[in-house]
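# A closer look at the structure
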Amino acid sequence: MKHQLLTAAVAAAFVALALASGSYRRGALVGASISGVTALASIVAMARFARGSKPVQRALAVMASAFLARILLVALGTFAVARAGESIYAFVVAFFVPYFVFSAIEGAFVHSLNRGTGTTA
């Protein structure tokens, strides 16, 4: 639960930073929003599906699926921001900076699943 709350707090912080970015607000807001929403969806799905046998493998499968969805959403977001005449650079920075933070949180969640599984041989 702590990873989900941390993800939500970080997502809100990055959206707030995007709102404070002045003339680059719209592009940054789109990037930060896409990054935050996909991170929240990913961490909730990992928590839900990483139960039972092989929780690490299930969580990694969710992480890989979320990565593929993010690739598609970055392409669509870049197209939409460019078409609207907003700053593509603001979009890219506002997406990828939070993305790397969220990846670290997701990695910590996957690592926490590995605890208590017994000795490794």
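Conventions and cut-offs
- Residues numbered from 1 in each chain as written.
- Predicted model: local features only at pLDDT ≥ 70, side-chain atom pairs only at ≥ 80, totals over all residues.
- Heavy atoms only, no water.
- Axes fitted to C-alpha atoms, helices over the stretch in contact; angles between N-to-C directions.
- Helix = DSSP H or I, 4+ residues; strand = E, 2+ residues; numbered from the N terminus.
- Parallel < 35°, antiparallel > 145°, perpendicular 65-115°, else oblique.
- Contact = heavy atoms within 4.5 Å.
- Nonpolar A, V, L, I, M, F, W, Y, C, P; charged D, E, K, R; others polar.
- Salt bridge = Lys/Arg side-chain N within 4 Å of Asp/Glu carboxyl O.
- Buried < 20%, exposed > 50% of the residue type's maximum accessible area, 1.4 Å probe, protein only.
- Phe/Tyr/Trp six-rings, centres within 6.5 Å; stacked < 30°, edge-to-face > 60°.
- UniProt positions renumbered as here; feature names shortened; annotations may be inferred.

### Considering the packing of helix α1 (residues 2–19) against helix α2 (residues 25–49)
Helix-helix packing is characterised by the crossing angle of the two axes and by the distance between the axes. Across the interface, α1 lies against α2 with an axial gap of 8 Å and an inter-helix angle of 175°. Put simply, α1 runs roughly antiparallel to α2. Listed contacts from α2 to His3, Gln4, Thr7, Ala8, Ala11, Phe14, Val15, Ala18 and Leu19 of α1 are Arg25, Ala28, Leu29, Ala32, Ser33, Gly36, Ala39, Leu40, Ile43 and Ala47. A per-class count over the contact of α1 with α2 returns 13 nonpolar, 5 polar and 1 charged.

### Observations regarding the pattern of salt bridges
All told, the structure shown has 2 salt bridges when counted by the stated rule. Put simply, Glu86 and Arg26 hold a salt bridge, and the shortest N to O gap is 3.3 Å. Here Arg26 lies in helix α2 and Glu86 lies in the loop between α3 (55–83) and α4 (88–113), a separation of 60 residues in the sequence. The exposed category is assigned to Arg26, whose relative accessible area is 60%. A salt bridge links Arg70 to Glu106; its shortest N-O distance comes to 3.0 Å.

### Side note on the packing of aromatic side chains
All told, the structure shown has 7 aromatic pairs when counted by the stated rule. A ring pair is formed by Phe95 and Phe96, whose centres lie 5.0 Å apart and whose planes are at 85°; its orientation type is edge-to-face. Judged by its relative accessible area of 2%, Phe95 is buried. Geometrically, the ring pair formed by Phe95 and Tyr99 is stacked, given 6.1 Å between the ring centres and 10° between the ring planes.

### A word on the UniProt feature "transmembrane region" (unreviewed entry) in the protein
Under the present numbering, the feature "transmembrane region" (unreviewed entry) in UniProt falls on residues 30–47, 59–82 and 88–105. Split by type, residues 30–47 is 100% helix and 0% strand. Its first and last C-alpha atoms lie 26 Å apart. Counted over residues 88–105, helix gives 100% and strand 0%. Its end C-alpha atoms are 26 Å apart.

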